Each structure stands twice: as C-alpha cells, then as structure tokens.
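Chain residues, written in single-letter form:
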Amino acid sequence: MDRIPSSIIFDIFSRVPARCLARSRCVSKIWCKYIDDRYLTIIHDKRVVEEPTPILYHYHISIKKRTLSLCFHVSEFKQVGTTHLVFEPKKGPFLEFLRKRPPCGSSIRRIEAQGSCNGLICLSQDDGYVITSLAVLHPLRKEYYELPPFPLHFEKHMRRESCGLGFDAFTNTWKMVCVLLKAYTPPDKPDMVMKNLCTMVHVFGTNSWREIPQVSSYPVTGKAVFANGCLHWLVSHIDMKTEDGGREVIWFDVNKEEFGLIKRPKRMCDLWRNYSCYYDQLVDLNGEVGYVCSRTMEVWVLKQKEWVPHCWFEKYIIPDGYIEVLGCWNKDGDMLIKNLADGRYAFFVYNRKSGVLHNTNVAGAGLCPDIFMYPNSLSSIRGINTNSFSVRKTGVKKSCHNIYTTNPSHMS
C-alpha cells in the first residue's frame, strides 16, 4: 500500500461508506492515518450519500460508586412480509462510556438527544427541572465531548429556549449555540422579551461560553435542525400564536453568527386535524430542513429559503393521535413516523411513492421509546475532547442507558 500514491488511496477510501471505514481503522496504522485525515472527511462527505441511522434510547443510566455508565447497543432491521417492519436489538454492547463523577448531586438522571450535525449527536442531561450538562457524541467513531458547565438557567422542557450543534466550515470549528431568556418574561411584553433574550456560544476546544450581541426575533423552541451552514428552530408558540396553522422559523448562520426569520409555509389544503400549531415540528429530511404541519399533515422542505412541498398525508391513512415525523428512512425520502394514541406508541414507515404506511415494531424498546435519526459521517472531534469521558467496550449491564441503532441499508 505504501507504493500507491496518496491521491489514489484517498480516492478509494472516499467511495467507501463511513460505517465500513470506521471498522477499517483497526486494520493497520497506515489505514487509520488515512481514514482519520481531515482531507478524506471533506471529500468523503461530499461524495458518499449516507443513509440516515435511527437511534432508540431509554432514560436509564447506571450509576454505581459515583461512576456514570452510558451504553449503546446495535439492533438489526428485519422485514416481515411486504408491509411489516421489525427492529430487533443484537446481543452485546456496541459502545460504553464511563465517567467517574456524575455531573450533579441530584438522584434524577435523564439524558435526551437534542439534535445532530455531521454525524455528531448533541445530548443533554437534566435533573427533572433544568439542564445540568451538555455533551456531544460520535457513535461511529466512539468519541465523546463534554461541554463546560452552562452559566445560565436552562429550562429542561425548552418551551421558549433551545440549543443547537453546528459546524463552521470556514473556520473548521464546532459550535454549540443556546438561545434563551435570562429571566422569565411574560410573552405579552415583547420589549421585555427582547431585552432578556440572549445567545450563548461555545466553540469546541475552549473552556467557556460567550454571549454574543445578536439575538433572535422571538424565543425559540424544540430541537434544532442544522442544514446549509445554519441552525433552524421554530418560533415559540407561546410568543407567536397563529390560527391558520404554522409558525415562523428562526435561522442562525454558524459562521457569521447572525439570525434571520423565514415565513411559515403557505398551506395547500384545509385544516382537518384537531391539533394546534403547537405540535408543528422541524425535522431533518436527508440533510434538509423539513416542516411538518400538525393540522394539515403537509410536509415541506426548505430550499434556498423557500418552502417546497415534500408530501401530504391523506386522511384515511393517518391514525388518530399525535403524529411525529422522525426523519427520512432512506434515500427515496420514505419517512419514519411515531404515533401516540390512547397512551400507546406505534411506529410506521411512510412510502412516498405509494402513499402507504407500513407497520413497524420495535422489539425491546420499552413502553415509551424515543427515536432520534442522524446521518453517518467521518467528521471527528478528536484533539478537542479535553473534557471527554473514557470509552471502552464491556459486557452488557442490565441497568445501563440503552441506545439501539439500526442500519437502514438492510431494507429491501
């Protein structure tokens, strides 16, 4: 391999899926050096279009002798018949993180995914009331980065505030951005709201947060979606109430550190579901920003700051209850959907071409599973994880925080 020019080696590796490259790092030191090279990451992510990977996680972690343990387990996808899909977890752990000291003294430990960017997942931990710590995880590379303690009060439910992970391609840096209120302010006093709004930014590799002068037009809510160099949030329903179904979108340019506002999509059909726009959501649809209207069940995609129709769910195929679009299941744009009705959760895969919902079972996922989808990527946080947890492979612990990942490439 030493006799092959570097340009040819990079060209070969750039055509291999990220999951295969991650496994190939252990072949030799030379392979590892090429695979970890930043140049390969850049050309690989432009050339290879990865399938999104869903993650199922439970809110349980193991804490013994002041040691916090966070476990991941891989699951396999199986198709039963022509309209039924099943996720079954494999035996044995895929990855385990250990930390000697729990981040807070509370007995409550709840970890939740808050978004993703280039294969990295943003995790928050709360004590039941406020978020106590933020961290970033790269499951494929088995890397974990803990952010410095947040200096302000950060509400757990994020009704009027949120955070987002973004990558600045011009400076080659990762940034965590938090938009929140310094103090509670009634939504009917917009001047006070703007006075108390603030934006906190952490640049990975530094030891602090900094407040920037730019703030959004309104408080934001929900998980952020990163696309085309910008983070996107929905405007808080508490601060901007609409009757026709839809809310504006706040965007933040990660490089310029500037905010902007995008008008909500113009609905194409009548309002027929008895849900307020509080249940509208933004979702990552194969690297693009998707907008889901809960009252019309229309889905749009943001292209060049304009909303383009993606699909529309017809009345007869949508089950009763709350509907959440989790993301695109494959390159064809088929979507994974979670449904809550009568206290029970159900999962479906929506086929865009046929307009059919496929039933989906999640084996061993518990009574109230949450699914988070993210793209595979070779992006790395190596070299800046000064606060990172140790990583090791161990046996299965029954009390661990289990996260099941599935590989959509198995789908027929």
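Criteria and cut-off values
- Residues numbered from 1 in each chain as written.
- Predicted model: local features only at pLDDT ≥ 70, side-chain atom pairs only at ≥ 80, totals over all residues.
- Heavy atoms only, no water.
- Helix = DSSP H or I, 4+ residues; strand = E, 2+ residues; numbered from the N terminus.
- Buried < 20%, exposed > 50% of the residue type's maximum accessible area, 1.4 Å probe, protein only.
- Contact = heavy atoms within 4.5 Å.
- Core = buried A, V, L, I, M, F, W, Y, C linked by side-chain atoms within 4.5 Å.
- Pairing = 2+ DSSP bridges.
- Axes fitted to C-alpha atoms, helices over the stretch in contact; angles between N-to-C directions.
- Polar contact = N/O pair within 3.5 Å; in protein donor to acceptor, adjacent residues only side chain to side chain.
- pLDDT = per-residue confidence, 0-100.
- Phe/Tyr/Trp six-rings, centres within 6.5 Å; stacked < 30°, edge-to-face > 60°.
- Lys NZ or Arg CZ within 6 Å of the ring centre and 35° of its normal.

### Describing the environment of V203
With respect to the helices and strands, the residue V203 is situated in strand 12 (residues 197-203). A relative accessible area of 19% places V203 in the buried class. In this structure, the C-alpha to C-alpha distance between V203 and M176, residues 27 residues apart in sequence, is 6.7 Å. Residues within four places of V203 in sequence aside, it is in contact with T173, W174, K175 and R210.

### Focus: the nonpolar core
Membership of the largest hydrophobic core comes to 42 residues, with the highest contact counts inside it found for L134, L165, M176, C178, F204 and W233. Of all the elements in the fold, those that place two or more residues in this core are strand 7 (120-126), strand 8 (131-138), strand 10 (162-168), strand 11 (173-181), strand 12, strand 14 (220-227), strand 15 (230-235) and strand 16 (249-253). The leading source of residues in this core is strand 11, at 7 residues. In this structure M176 touches C122, L134, V136, L147, C163, G164, L165, M200, V201, H202, F204 and W209, once residues within four positions along its chain are discounted. The next biggest cluster of nonpolar side chains, apart from the first, holds 18 residues, and it includes V283, L285, V301 and C311.

### Description of the sheet that holds strand 7
Think of a sheet as strands paired side by side through backbone hydrogen bonds, with each pair either parallel or antiparallel. In space, the 4 strands of this open sheet follow the order 6-7-8-9, with antiparallel pairing throughout. Of all the strands in the sheet, the pair left with one neighbour each is strand 6 (110-117) and strand 9 (143-146). Ignoring strand direction, the axes of neighbouring strands in this sheet form an average angle of 25°. Relative to strand 9, strand 8 runs antiparallel, the two sharing 4 bridges. The residue of strand 9 that forms the bridge with L137 is Y144.

### Some remarks on the environment of E298
Structurally, E298 can be placed in strand 20 (residues 298-303). E298 gets classed as buried once you look at its relative accessible area, which sits at 1%. Here the alpha-carbon distance between E298 and R267, two residues 31 residues apart in the chain, equals 7.6 Å. E298 has contacts with R267, M268, C269, Y291, V292, C293, C311 and W312, leaving out every residue within four places of it along the chain. A polar atom in the side chain of E298 sits 3.1 Å from the side chain of T296.

### Some details on the confidence of the model for the chain
On average, the chain scores 77 in pLDDT, and the residues at 70 or more come to 73%. The low-confidence segment residues 56-63, where pLDDT is below 50, has 49 contacts with residues more than four positions distant or belonging to other chains. Contacts for the low-pLDDT stretch residues 385-412, under 50 throughout, to residues beyond four places or in other chains number 99 contacts.

### Side note on the packing of aromatic side chains
Within a pair of aromatic rings, the relevant descriptors are the distance that separates the centres and the angle that separates the planes. Summed over all chains, the structure comprises 12 aromatic pairs. Ring centres 4.7 Å apart and planes at 55° place the aromatic pair F167 and W174 in the tilted group. Of the two residues, F167 and W174, neither departs from the other in class, the shared state being buried. Ring geometry for F252 versus F259: centroids 4.7 Å apart, planes at 55°, classification tilted. For the pair F252 and F259, one class covers both residues: buried. An aromatic cluster is defined as three or more aromatic residues linked by ring pairs; in this entry it consists of F150, F154 and W209. The ring of W251 carries the charged tip of K305 above its face, separated from the ring centre by 4.1 Å.

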